Amino acid sequence: MSVPEFVITMEQTLEFAERMHAGKPQLGLALRLIRNTGVRKRHLVQPIEKALHHPGFEERNRIYEAEAKKRCPEVIDRALANAGVTATDIDLIIYVSCTGFMMPSLTAWLINEMGFRSDTRQLPIAQLGCAAGGAAINRAHDFCTAYPGSNVLIVSCELCSLCYQPSDDNIGALLSDGLFGDAVAAAVVRGEGGTGIALERNASYLIPHTEDWISYAVRSSGFHFQLDRRVPGTMEPMAPVLRELATRHGWDAANLDFYVIHAGGPRILDDLAKFLAVDRTMFRHSWATLTEHGNIASAVVLDAVRRLFEEGSMTPGATGVIAGFGPGITAEMVVGTWTVDPLLPVGRIPISASVPGPAELAPVAGAVAV
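Residues numbered from 1 in each chain as written. Predicted model: local features only at pLDDT ≥ 70, side-chain atom pairs only at ≥ 80, totals over all residues. Heavy atoms only, no water.

> Please give an account of the overall build of the chain that cites residues and values.
Counting secondary structure elements, the chain contains eleven helices and 13 strands. Counting only residues that meet the buried cut, the chain has 59% of its 370 residues in that class. Long-range pairs, those at least 24 residues apart, make up 78% of the contacts in the chain between residues at least 6 apart in sequence. Charge centroids of the chain, computed over 31 positive and 40 negative side chains, lie 4 Å from each other. (Helix = DSSP H or I, 4+ residues; strand = E, 2+ residues; numbered from the N terminus. Buried < 20%, exposed > 50% of the residue type's maximum accessible area, 1.4 Å probe, protein only. Contact = heavy atoms within 4.5 Å. Lys, Arg positive; Asp, Glu negative; His and termini not counted. Charge placed at Lys NZ, Arg CZ, Asp CG, Glu CD.)

> So what's going on with the nonpolar core? Residues and values would help.
Counting residues in each nonpolar core, the largest one holds 76 residues, and the members touching the most others are Ile261, Leu272, Phe283, Ile322 and Phe325. Those residues in contact with Phe283 that sit more than four places away from it in its chain are Tyr259, Ile261, Leu269, Leu272, Ala273 and Val278. With 29 residues, the next largest nonpolar core counts Ala83, Tyr95, Phe116 and Cys157 among its residues. (Core = buried A, V, L, I, M, F, W, Y, C linked by side-chain atoms within 4.5 Å.)

> Describe the packing of aromatic side chains, listing the residues and the values that go with them.
In this structure the tally under the stated criterion is seven aromatic pairs. Pairing Tyr216 with Phe225 gives two aromatic rings, centres 6.5 Å apart and planes at 80°, and the pair type is edge-to-face. Owing to a relative accessible area of 31%, Tyr216 belongs among the partly exposed residues under this scheme. An angle of 55° between the planes, with centres 4.9 Å apart, marks the rings of Phe309 and Trp338 as tilted. Of the two residues, Phe309 is situated in helix H11 (residues 300-311) and Trp338 in strand S12 (residues 330-339); the sequence distance between them amounts to 29 residues. Site record: aromatic cluster; members linked through ring pairs are Phe57, Phe180, Tyr216, Phe223 and Phe225. Across the ring face of Tyr147, the terminal group of Arg121 is positioned such that the distance to the ring centre comes to 4.9 Å. We note Arg280 situated over the ring of Trp287; from NZ or CZ to the ring centre the distance is 4.3 Å. (Phe/Tyr/Trp six-rings, centres within 6.5 Å; stacked < 30°, edge-to-face > 60°. Lys NZ or Arg CZ within 6 Å of the ring centre and 35° of its normal.)

> Give a description of the packing of helix H8 (residues 235-248) against helix H9 (residues 266-276) that names residues and reports values.
Running from N to C, H8 and H9 point in directions that differ by 50°, and their axes come no closer than 9 Å. Considered as vectors, H8 and H9 are oriented oblique to each other. When the axes of H8 and H9 are compared, the crossing they make is right-handed. In this structure, H8 uses Met235, Glu236, Ala239, Leu242 and Arg243 to contact H9, whose residues at the interface are Ile268, Asp271, Leu272, Phe275 and Leu276. The residue inventory of the contact of H8 with H9, partitioned by class, reads seven nonpolar, no polar and three charged. (Axes fitted to C-alpha atoms, helices over the stretch in contact; angles between N-to-C directions. Parallel < 35°, antiparallel > 145°, perpendicular 65-115°, else oblique. Left-handed = near helix turned anticlockwise from the far one by under 90°. Nonpolar A, V, L, I, M, F, W, Y, C, P; charged D, E, K, R; others polar.)

> Summarise the pairing of strand S10 (residues 258-261); cite the residues concerned and give the values.
A two-sided burial pattern is seen for S10, the buried positions comprising Phe258 and Val260 on one face and Tyr259 and Ile261 on the other. Sheet analysis places S10 next to strand S11 (residues 319-326), joined by four bridges and oriented parallel. Of the residues in S11, the one forming a bridge with Val260 is Ile322. (Pairing = 2+ DSSP bridges.)

> Tell me about helix H10 (residues 284-293), and please be specific about residues and values.
Since the α-helix packs 3.6 residues into each turn, any two residues three or four apart lie on the same face. Inspection of H10 places His285, Ser286, Trp287, Thr289, Leu290 and His293 among the buried residues, and these make up the whole buried set. Structurally, H10 contributes buried residues whose contacts are with strand S2 (41-44), S10, H9 and H11.

> Account for the packing of helix H1 (residues 10-20) against helix H2 (residues 27-35), with residues named and values stated.
For the pair H1 and H2, the least separation of the axes is 11 Å and the interaxial angle reads 170°. As summarised for this structure, H1 and H2 are arranged roughly antiparallel, according to the angle between their axes. Contact with H1, carried on its side by Met10, Thr13, Leu14, Ala17 and Glu18, involves Leu27, Leu31, Ile34 and Arg35 of H2 and no other residues of that element. Partitioned by chemical class, the residues of the contact of H1 with H2 number six nonpolar, one polar and two charged.

> Residue-level account of the environment of Asp77, with values.
In this fold, Asp77 is placed in helix H4 (residues 57-83). Asp77 sits in the partly exposed class, given a relative accessible area of 44%. When the C-alpha atoms of Asp77 and Phe101 are compared, they prove to be 23 Å apart, with 24 residues separating the residues in sequence.

> Can you tell me about the pattern of salt bridges, naming the residues and giving the values?
Tallied over the full model, the rule gives 19 salt bridges. The salt bridge partner of Glu49 is Arg19, with a shortest N-O separation of 3.3 Å. One end of the pair, Glu49, is in helix H3 (residues 48-52); the other, Arg19, is in helix H1, with 30 residues separating them in the sequence. The residue Glu332 makes a salt bridge to Arg139 at a minimum N-O spacing of 3.5 Å. Here the residue Glu332 occupies a position in strand S12, and Arg139 occupies one in helix H6 (residues 132-146), the gap between them amounting to 193 residues. In this structure Glu332 comes out as buried when scored by relative accessible area, which is 6%. With a relative accessible area of 25%, Arg139 lands in the partly exposed category. Through salt bridges with shared partners, one network takes in Glu292, Asp303, Arg306, Arg307 and Glu310. (Salt bridge = Lys/Arg side-chain N within 4 Å of Asp/Glu carboxyl O.)

Worth remembering: the numbers are spatial, not functional.
Written as structure tokens, this is what we have:
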């Protein structure tokens, strides 16, 4: 995972919000909500003064394309190296982003510029928002299940600062201005071998009739983020879904060894921990991402997995869950077991994906390397 070089602190965020939205009736409440996010700093692809200026949708999308092409290759190279594979070993590229638009997708440019095979499959995902990180892992798992021995590259490029709309002053927009950050992340799901999370069972769930709770209004000025005040309360109906997924796998969702949860905001993490009856410290990797980078959309789960690897506390057989939440309201969830490949070079940090055998789901597949 990589974050841009320009940094904005919580104190600067509050200062700019007060200046840019002075006199707006919702400002006081928004400032209190921003303070309560726990976000210490965020990273931006442009200096803050430039990020606050809106040059028009066309120019913003041009910046998005240029920055994506500038920043993704280095992160991809690290992911491939960590997984112990090369570009020619990749059979599918999943590109997730909800902060800019390209057609053809960046996947076509990556294939041409980075030495991927011309028959590499492409799967761009643009409209699952923050849930797309979990969805990408799940679709990679599905692909490796359908095509044993395959390898899948996941790329997340979220440049949320390019969606800032100076004219928007509702609570949802103001809160998002102080919550979202920019980041690029990549991972490799290996069909065979690897050390990391052996993905064993995945699931999707949509809370009925909540499709307008998180959304974009697409206007001539670009994407206008819309957030309903009921969103923070969605973990109460989501917790039983996660619990059922674990139960179907023979596990207790309250007694797993690791939890990689989308850091949508502090209440999301606090409520899910409460409703799963899990100590909030079990979500420490997600909390760290939120504190240090803000909500980086689909890249959150990949960064939290990176932190899990770097902590080095997992032992073979440790059980856990990855869950991403986003528009819909949609959840993308997967459970898996920590596995160790004794042949993996020291220092590699992949995430494993398991392919089901004839009779059971076994950790025979490899890595999501971050």
